[in-house]
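# Residue-level structural notes
Chain residues, written in single-letter form:
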Amino acid sequence: MELERAHLVPSTVNEEACHWEVLEPWEWRRYYKLQEKRKKGAQLLFRPLLNKYEKETLENQNLYLVGASKITLLLGAEAMGLVKECNDNTMRAFTYGTRYNFKDFDDDNDDFLTMAECQFIIKHELENLRARDEKMIPGYPQAKLYPGKSLLRRLLTSGIVIQVFPLHDNEALKKLEDTWYTRFTLKYQPIDHIRGYFGETIALYFGFLEYFTVALIPMAVIGLPYYLFVWEDYDKYVIFASFNLIWSTVILEVWKRGCANMTYRWGTLVMKRQFEEPRPGFHGVLGINPVTGRKEPLYPSYKRQLRIYLVSLPFVCLCLYFSLYVMMIYFDMEAWALSLHEKSGSEWTSVLLYVPSIIYAIVIEIMNRLYRYAAEFLTSWENHRLESAYQNHLILKVLVFNFLNCFASLFYIAFVLRDMKLLRQSLATLLITSQILNQIMESLLPYWLQRKHHVQVKRKVQALKADIDATLYEQVVLEKEMGTYLGTFDDYLELFLQFGYVSLFSCVYPLAAAFAVLNNFTEVNSDALKMCRVLKRPFSEPSANIGVWQLAFETMSVISVVTNCALIGMSPQVNALFPESKLDLVLIVVAVEHALLAFKFILAFAIPDKPRHIQMKLARLEFESLEALKQQQMKLMAENLKEESREGRKEEEEA
């Protein structure tokens, strides 16, 4: 059966695992039948990309394509509880039996499920092909199996299957690019189209990036005259810092409302959370999970805690100490450059004043990337059972180090050296240098390398004499060599640090928001280019919000209140108001800071996370679910009573 290009999931397999017929007893070619009585033969579609002769010609590459029929995808959507819009404009979990009640559903409409949803279903069904009574993968005694173990995950962790990834759909990708980033115009992104192609998690990131960029514009507009006209007048910066407090609170609360609107429309806000399976790297002694009753590896919690507190925590502290040590070297370089400039006073020495900050910014980026690898290794070694727990521990490690590494020097300059001129210079240099480096390392350099590799692949394919589908083969070979998109972690981290540069020291360098806006306009296009042309197309993952990053941004906004209050309290104008007693100044600054924090939390509480109409729709859905459950229970009770009555009459007749 011919496969639809939009639903292809290619996988590459190493040379030792070329005989896939050995794996047929494990039902790689069969999709478990959800409702066989309705539609026989509902299954995943599986075929090799190359035949035996072509594999010998093309260096024995084992490439396989996996797809699914329309009935398979619809039944999979029901099994996974995907939520779609009904004809009455309500959002409900899709069921195959009531499929005609859903908006835009038609037997001839292939766009009812988005491409991202189709790929998510196929991935889910591949991962749910599970072992029964088998002990190992045939021919691979090291690849142990136990009942309930996902075959795909075992094949991946054993190195039998090298990678599994979805192919790009060139036609759909071209349409998306034309409306997204190929034309440099000031317009909103096609978030719904991004969601349809890449899924909700990536669409939410680009939605947040766009929203954050627009939200920065008022800060940039207000900060520009402060920079140009009232640079040293700290009294007027009280107004700017107060605006920053309200701004940072309001934008995060309004984002939660906008996010709820989007995810309700997409169906992920009301989608029931799936039971989380153990992550692929989790290992332990085989036992019985008390919740599921299935066999799976079990690992004592106390061993994990020992690894965290005796190894990971000391390592993180050591890295933080090293970061502070590098910071002190930077200040020595600053002192050397300043003394050199004071002695000569020439133009080149005035330029030299910026060199230590530039070098330090580059070192910060290198240290952040090296630490990221170490944090990933440590978090994986801690052996967390769930992917969510793994991500939370990784995010905590990385955020703590990045915060100290990026902002420790600024806090030291502000509150120890109390050199506002050096603070402005360092903040500007760190912000601009980090933005330029991120653009080069994340998009421009990978794109150049990918273009170079594309030319090599094209020449290789053109030189082949084998009678194959050269276009599809070229696409598969090209995409399998692309880098893997590791998720939105680094993208959100970049925005988090940018938010820190803008909000923490806004009363000292109000121009930071303007630089952030300029960077984000190019960031949208470079990230879009990265997703479409540089990295493999990732599998989609349903998301209802931006997760733990919402808390991270809110925490940064709280810290910014404390920082700005302290900076204003240190200004010469404010200090002149309390020439006799500095204690009174400290007490007043602390009181103002507490009052502002209280106002901030009241403001956050006063703005609901979800709009009123969304709250009403969710309450209505909950009510209908409870009513349906009651009816189901009453029906079951009635059937039980009938059965008991029938058995009673039967016993009377026998008596």
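Residues numbered from 1 in each chain as written. Predicted model: local features only at pLDDT ≥ 70, side-chain atom pairs only at ≥ 80, totals over all residues. Heavy atoms only, no water.

In the nomenclature of an unreviewed UniProt entry, the protein is known as Anoctamin of Felis catus. Turning to the protein, the UniProt record has this under Subcellular location (unreviewed entry): "Membrane". What UniProt records for the protein under Sequence similarities (unreviewed entry) is the sentence "Belongs to the anoctamin family." (UniProt positions renumbered as here; feature names shortened; annotations may be inferred.)

Of the regular secondary structure elements, the protein holds 20 helices and 10 strands. For the protein, long-range pairs separated by at least 24 residues make up 73% of all intrachain contacts whose partners lie at least 6 apart in sequence. Accessible surface, the protein: about 33,500 Å² in total, of which carbon and sulfur atoms supply 62%. (Helix = DSSP H or I, 4+ residues; strand = E, 2+ residues; numbered from the N terminus. Contact = heavy atoms within 4.5 Å. Areas by Shrake-Rupley, 256 points an atom, 1.4 Å probe, with all protein chains shown as cover.)

As a further point, take the UniProt feature "transmembrane region" (unreviewed entry) in the protein. UniProt annotation of "transmembrane region" (unreviewed entry) refers to residues 202–231, 237–255, 308–331, 351–371, 394–415, 495–518 and 585–607 when read in the numbering used here. End-to-end, the C-alpha atoms of residues 585–607 are 33 Å apart, and along that stretch the chain is 96% helix and 0% strand.

So, on to unusual backbone geometry. Phi angles above zero are rare outside glycine, and Asp104 is one such case at about 70 degrees. Looking at where Asp104 falls in the secondary structure, it is placed in the loop between strand S5 (91–93) and helix H3 (115–127). The class of Asp104 is exposed, set by a relative accessible area of 57%. A positive phi is found at Arg418, a non-glycine position, where the angle reads about 55 degrees. Its location among the elements puts Arg418 in the loop between helix H12 (387–417) and helix H13 (420–462). In this structure Arg418 comes out as exposed when scored by relative accessible area, which is 57%. (Buried < 20%, exposed > 50% of the residue type's maximum accessible area, 1.4 Å probe, protein only.)

Before going further, it helps to spend a moment on the UniProt feature "coiled-coil region" (unreviewed entry) in the protein. If you check UniProt for "coiled-coil region" (unreviewed entry), the listed places come out as residues 626–654 in our numbering. Helix and strand shares over residues 626–654 are 100% and 0% respectively, and the end C-alpha atoms of the span are 42 Å apart.

It is worth spelling out a negative patch on the surface at this point. Among the surface-exposed residues, Glu644, Glu647, Glu651, Glu652, Glu653 and Glu654 lie close enough to one another that they form a single negatively charged patch. The topology assignment puts Glu647 in helix H20 (residues 612–654). (Patch = residues over 30% accessible without salt bridge, like charges linked within 9 Å, V, L, I, M, F, W, Y side chains within 5 Å. Salt bridge = Lys/Arg side-chain N within 4 Å of Asp/Glu carboxyl O. Lys, Arg positive; Asp, Glu negative; His and termini not counted. Charge placed at Lys NZ, Arg CZ, Asp CG, Glu CD.)

This paragraph deals with the side chain of Asn525. Structurally, Asn525 is set in helix H16 (residues 512–534). The buried category is assigned to Asn525, whose relative accessible area is 19%. A distance of 3.0 Å separates a polar atom in the side chain of Asn525 from the backbone oxygen of Phe521. (Polar contact = N/O pair within 3.5 Å; in protein donor to acceptor, adjacent residues only side chain to side chain.)

Side chains of Tyr302, Leu306, Tyr309, Leu310, Val311, Leu313, Phe377 and Trp381 sit close together on the surface and give an oily, nonpolar patch of about 870 Å² of accessible area. Secondary structure elements with two or more residues in the nonpolar patch: helix H9 (301–344) and helix H11 (355–381). Broken down by element, the residue count for the nonpolar patch peaks at 6 residues, all from H9. With respect to the helices and strands, the residue Leu310 is situated in helix H9.

Along the chain, the position of Arg195 falls in helix H6 (residues 191–198). Only 2.9 Å separates the side chain of Arg195 from the side chain of Glu200, close enough to count as a polar contact. Look past the residues within four positions of Arg195 in its chain and what remains in contact with it is Thr114, Ala116, Glu117, Glu200, Ala203 and Trp266.

A separate point is the pattern of salt bridges. Taken as a whole and assessed by the stated rule, the structure comprises 20 salt bridges. Ionic pairing is found between Asp178 and Lys174, a salt bridge with its closest N-O pair at 3.1 Å. Of this pair, Asp178 and Lys174 both sit in helix H5 (residues 170–180), separated by 4 residues, roughly a single helical turn. Judged by its relative accessible area of 23%, Asp178 falls in the partly exposed class. The partner of Glu253 in a salt bridge is Lys256, with the nearest N and O atoms 3.4 Å apart. Linking Glu253 with Lys256, this pair stays in helix H8 (residues 234–266), spanning 3 residues, or about one helical turn. Accessibility assignment for this pair places Glu253 and Lys256 in one class, buried. One network of salt bridges, with partners in common, ties together Lys84, Glu117, Arg195 and Glu200.

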